[in-house]
Amino acid sequence: MNGEDNDQVPHHPEDKASEQIEESESAPHHADKEEAEVTLSDFELSEVIENLCLSKVEEFVLLGYEHVTGKEIWDCVSDKYRKTGVPSLHQIVNDILSLKSTQFMNWLTISMYRGAQF
């Protein structure tokens, strides 16, 4: 063999064994990711959402909106879920934490015009 046909050179049996070991070592990492996915009960989900809304309330209080409640934050965020349904948890978290005070005040104003109870 002149070195040009390296693709046709038979591999040593130990090479195949080491390739299989490397593949099997990498497989558990994929399984760990699947095990890391945790489903929350309705109660746990409610707690997570409540804590996120209270965190947003604290932010709004720092901005000068002293009478905002966590329920109002959730009502504002969940208002857009009426038509589309409740999205995945990461989308809910993003929607709560990225809520701007101007968006909230616009929603609050429109809700008052609609006659919502406060």
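Details of the structure are given in the entry above.
About the criteria used
Residues numbered from 1 in each chain as written. Predicted model: local features only at pLDDT ≥ 70, side-chain atom pairs only at ≥ 80, totals over all residues. Heavy atoms only, no water. Salt bridge = Lys/Arg side-chain N within 4 Å of Asp/Glu carboxyl O. Helix = DSSP H or I, 4+ residues; strand = E, 2+ residues; numbered from the N terminus. 1 Å grid on protein atoms, 1.4 Å probe; cavity = no way out; pocket = protein on both sides within 12 Å on 5 of 7 lines; lining within 4 Å. Points joined across faces, edges and corners; volume = space filled by probe spheres on them. Nonpolar A, V, L, I, M, F, W, Y, C, P; charged D, E, K, R; others polar. Axes fitted to C-alpha atoms, helices over the stretch in contact; angles between N-to-C directions. Left-handed = near helix turned anticlockwise from the far one by under 90°. Contact = heavy atoms within 4.5 Å. Expected span 1.5 Å × (residues − 1). Buried < 20%, exposed > 50% of the residue type's maximum accessible area, 1.4 Å probe, protein only. Arc of directions from axis to C-beta.

1. Section: the pattern of salt bridges
Under the defined criterion, the tally for this structure stands at four salt bridges. Across the pair Asp75 and Lys71 runs a salt bridge, and its minimum N-O distance is 2.8 Å. One end of the pair is Asp75 and the other is Lys71, both in helix α3 (residues 70-78) and four residues apart, which spans about a single turn.

2. A few points about the layout of surface pockets
Gaps left between atoms are located by rolling a probe of water-molecule size over the structure's atoms. Quantified by volume, the largest pocket comes out at close to 180 Å³. Contributing to the lining of the largest pocket are Cys76, Val77, Asp79, Lys80, Asp95, Ser98, Leu99, Gln103 and Trp107. Counting residues per element, the ones that place at least two in the lining of the largest pocket are α3 and α6 (101-114). Residue classes in the lining of the largest pocket are distributed as four nonpolar, two polar and three charged.

3. A few points about the packing of α3 against helix α5 (residues 89-97)
Two numbers describe how α3 lies on α5: the axes approach to 10 Å, and their chain directions differ by 120°. Classified by chirality, the crossing of α5 by α3 is right-handed. Packed against α3, whose contacting residues are Ile73, Trp74 and Val77, the element α5 presents Ile92, Asp95 and Ile96 at the interface. Tallied by class, the residues present in the contact of α3 with α5 amount to five nonpolar, no polar and one charged.

4. Regarding helix α2 (residues 42-62)
Here α2 is 21 residues long and its end C-alpha atoms lie 30 Å apart, about the 30 Å a rise of 1.5 Å per residue gives. Those residues of α2 that sit buried are Ile49, Leu52, Cys53, Lys56, Val57 and Phe60. Around the axis of α2, the buried residues are gathered within 150° of arc, so they sit on the same side. In α2, those exposed residues whose orientation departs by more than 90 degrees from the buried face are Phe43, Asn51, Glu58 and Leu62. Residues of α2 that are buried sit in contact with α3, α5 and α6.

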